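The lines below spell out each chain.
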Amino acid sequence: MRDLPSGTVTLLFSDIEGSSRRWEQDQNLMREALTAHDKISVDAVEKNGGLVFKHTGDGIAAAFSAASAAAEAAVAIQAGLQAHHWQDGEALKVRIGLHSGDAEPTEGDYFGPAPNRTARVMDVANGDQIACSSAAAGLLSGLDLRSRGNHELRGIGVEEVFLLSDPRFVSSELPFRQSVEPSNLPRIFTSFLGRDDEIDSIKNLLSSESGLVTLVGPGGVGKTRLAIEVATSLKDRHADGVYYCELASVSDPSAVADSVADVIGARRQPGMSLIESIVDYVAGQRMLILLDNAEHVVEAVRDLVEPLHALPDTVVLVTGREGLALPGERVVLVTPLDVSTTGVSLFEERARERDPQFAVDETNRDAVEEIVRSLDGIPLAIELAAAWTRVMSAPEILSRLSDRFRLLRGGRQGDRHQTLLETVNWSYDLLSESEAALFSRLCVFAGGFSLEAAEAVCSDTTLIAEQDVADTLMALVDKSMLVTNTGGISVRFAMLETLRQFGEDVLAASETEGTYRRRHADHYLHVAAEQADRVFTRAESDAWRVLDREWDNLRVALESYKRHDDLASAGELVLHLAWFAAYSLRFELFTWAEELLVLPGANQDSHYTSLCGAAALGAYFTVDEASVGLAEQGLAHDPSDPLGLCRTALAAVYLNNTHTPEDSERLTTEWLASKPQGISNRMWADGFRVFHLCTYAPSAEAAELVNEVARIAHESGSPTALALAAWAEGQVVAVTDREAAIAIWQKGLEWPRSLPGHHLIESLLTGLILHFEARRGDLSTILAESRAALKWAAQEHYLAGASHLFGVTAIGLTRAGRPEMGAKLLGAMVANGHRPRMNALRVLQAALGDDLEANMDEGRVLTVKDASTLAMEQLSECLEELTMASDADV
């Protein structure tokens, strides 16, 4: 295979429109269609000198040295797909995005701004369309390129996007698409049968009568699937997000709030419990939260849902075996399927997934109806039975089930939950010895797992060799004991909760439970270590995706180590994740560090200093005054500060807040003298020294340090490191040329925005740009960007970031004629331990004179959250006034 091109490359990303629906309608037809799609796409790419470097499941990613070749390949793909004869008569419609930019291949893939922007350009296209970024369009000539105007590229900003047309294919005339609502609802590839009336009824309860509905019923009756269908249908009514919180893997009731906070993006706030922080975060947002499988943590769920239910714009949907017994709650009993209609249809459809020739006809209808009737119409039980049609006829399945039930029940009629358990037990007993063993071992996973993880954790030297795990997994999938998710670039496996509970009971009854739980924890400790090494490389975005995908398993691994008093391994796991958590604003990790610090013997552990630093960083992010004490406590224990977390926390506090030039000089010189190790530690040590010098004593030393930071960043290729380098370089340049500094920071924003999630450095650079533009820039722009930055910080619960924006917001409000509100913001800033920049103080002093202090005093009583809310309201009013004034002038 040829090497991937480097330097300026043009990337082509494609995606099949409506792929989920087609998978649901007919998996076999979709597999055949995908095979044809892949052949047409790969042939077009290779004939035009490109290389396909990734298959995404529903599309491809390819690289070209020339933009013209990429455009020709894109046209050839669309033309080939439209000319192909599709078996069901419905052609695949594919959206394609093209972008040109600098990129270096790493591990057979590309990472950074270029692939990120290509994906966002592709996102705005419809099926049968080719969208081009302005960069790609600028390299193309002689082609039919038409500007479709400015479009919001998610996580990047507004950019002009072009439509590429060609006579060889019919381009869709639809306008480019808009951004989708935030949601993490699972992708489901099987069809949903029946229950239309139930969906409508639950939607009405949630929308008009009550904001809290609990779906109850026996395991396997379809509560989860029904809830997901309802939530999906309500996405357009909840602009701030529809979030799915899977609680089956949460074994400790005290971790329920942590799990929910992590999913929706809430962070623990100083002076608040985590539940109070979640409620504070959700307040004022139009959000739907789905809490699935709550039966084993019902009291913890009740404690969380009760205050959420009081919020006017928040809708909560719960599934479990019982209601929460809360005022205003509506409890809906999910009943089994009708035996003769939907139940038979479900059996037939699932049987066809195993045997495409299967059909319910006069030869087997009675047997199928009796199977469904004996299974009490429970969907999961029906699916388990239908999975065996590949090796048994319907009458044979009925005979075996009847014998099994007669033996287990002794002739008595069981309840529906017992029916399901008996069906699960029957399916389990039909497994081979290796299948049964693997099934029970897989229950140690949480939130899904990969083939590689199953091989590492569940194989042995006698019964299931590592090379046999894949075949055994697929056998379990084929028998409906596992489900797969092919929505990403690799297949993930998961187990339905009823089956997982059964498997856990089997594993607990064996003598090997401890062995496989330890292997699970150790495997994810290895995953954390491996990905921590990749965070500061060109593969950083992939590392972010892996850690995000495996967060539930990482949490379970930590709980396992804590349960066995293995503080050393627990601390190692937390610290491998510390820098990732800091940059991705995943504040749950810093709570983990706090919890480890209070365990017996923590101060004797080798990780004690770094755990103090991690906890100190978490306290800084949430404006908690404990930050300094924790950092100093860690440094007193080990002044070398191995990971640099203690000094990073202190620098963030002192250099951004109240401090003296002498304190700043001492901290930054001591940090450099400690010879910091590790990319993040070294770059922050150099970067904060640059910050100090540019603030107090500009000198040649700052430029030398910037060169060192740039060298480290470019050698690593890490988007985070390159963003930090832009932060440091801009500070030096700003001493003599503010406009050039702003340009450096604006370009630097591309790096954090190339990563799959919000980033700390994006907030840092945005704040700097606003501070330097505040006094001279276009007022409407300053007000709008200040409001957007405050909204982002508030949504992330990043209170330190919000407080740092109060100074620039105060300048903007003063320019708009509202200096009193600006002074209140400075007062709130000071009250929360932050020091306003001199430019903000000068502007407010000039506007208010002797009244400045009195107005600041009014703001000192405000929390950061309250001050942010007031500021955003005032900014919106100012923008509306400016718009009205502009319209009047016209």
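Residues numbered from 1 in each chain as written. Predicted model: local features only at pLDDT ≥ 70, side-chain atom pairs only at ≥ 80, totals over all residues. Heavy atoms only, no water.

Student: How should I be thinking about the overall build of the chain in this particular structure?
Tutor: For the chain, the helix and strand inventory stands at 42 helices and 16 strands. Taken against the 2.2 N^0.38 rule, which gives 29 Å for 890 residues, the C-alpha radius of gyration of the chain at 29 Å falls within 12% of a compact globule. In terms of overall dimensions, the chain has a C-alpha envelope of 90 × 70 × 60 Å along the principal axes. In the chain, which comprises 890 residues, the proportion classed as buried is 57%. Summarising the internal contacts of the chain: among those between residues at least 6 apart in sequence, 72% fall at separations of at least 24. As presented, the chain carries roughly 35,900 Å² of accessible surface, and 49% of it is formed by carbon and sulfur atoms. Charge centroids of the chain, computed over 77 positive and 131 negative side chains, lie 2 Å from each other. (Helix = DSSP H or I, 4+ residues; strand = E, 2+ residues; numbered from the N terminus. Rg over C-alpha atoms; globule rule 2.2 N^0.38 Å. Buried < 20%, exposed > 50% of the residue type's maximum accessible area, 1.4 Å probe, protein only. Contact = heavy atoms within 4.5 Å. Areas by Shrake-Rupley, 256 points an atom, 1.4 Å probe, with all protein chains shown as cover. Lys, Arg positive; Asp, Glu negative; His and termini not counted. Charge placed at Lys NZ, Arg CZ, Asp CG, Glu CD.)

Student: Explain the packing of helix H16 (residues 433-441) against helix H19 (residues 497-508) to me, please; I cannot follow it from the model alone.
Tutor: A packed helix pair is summarised by two numbers, namely the angle formed by the two axes and the spacing between the axes. It is the contact of H16 with H19, at a shortest axis distance of 8 Å, that shows an interaxial angle of 105 degrees. Comparing the axis directions of H16 and H19 gives the class roughly perpendicular. Note on element contacts: H19 touches H16 through Leu499, Phe502, Gly503, Val506 and Leu507, opposite Phe439, Ser440 and Arg441. Residues belonging to the contact of H16 with H19 are distributed by class as follows: 5 nonpolar, 2 polar and 1 charged. (Axes fitted to C-alpha atoms, helices over the stretch in contact; angles between N-to-C directions. Parallel < 35°, antiparallel > 145°, perpendicular 65-115°, else oblique. Nonpolar A, V, L, I, M, F, W, Y, C, P; charged D, E, K, R; others polar.)

Student: Quick question: what am I supposed to make of the packing of aromatic side chains here?
Tutor: Here a ring pair, both rings aromatic, is described through the centre-centre distance and the interplanar angle of the planes. Scanning all chains against the criterion turns up 24 aromatic pairs. Judged by centre distance (5.2 Å) and plane angle (25 degrees), the ring pair of tryptophan 684 and phenylalanine 688 falls under stacked. Of the two residues, tryptophan 684 and phenylalanine 688 both sit in helix H30 (residues 679-696), 4 residues apart, roughly one turn of that helix. With relative accessibility at 6%, the residue tryptophan 684 sits in the buried group. For phenylalanine 688, a relative accessible area of 5% gives the class buried. (Phe/Tyr/Trp six-rings, centres within 6.5 Å; stacked < 30°, edge-to-face > 60°.)

Student: Honestly, the side chain of serine 427 in this entry has me stumped. Any pointers?
Tutor: Structurally, the position occupied by serine 427 is in helix H15 (residues 416-429). Serine 427 gets classed as buried once you look at its relative accessible area, which sits at 1%. Setting aside residues no more than four positions away along its own chain, serine 427 makes contact with Leu384, Trp388 and Met481.

Student: I keep staring at the environment of serine 610 and nothing clicks. Help me out?
Tutor: Looking at where serine 610 falls in the secondary structure, it is placed in helix H26 (residues 608-621). When its relative accessible area of 5% is taken as the criterion, serine 610 is described as buried. Remark: the alpha-carbon pair of serine 610 and leucine 643, spanning 33 residues in sequence, is separated by 6.3 Å. Filtering out sequence-adjacent residues up to four positions away, serine 610 remains in contact with Leu575, Pro642, Leu643 and Leu645.

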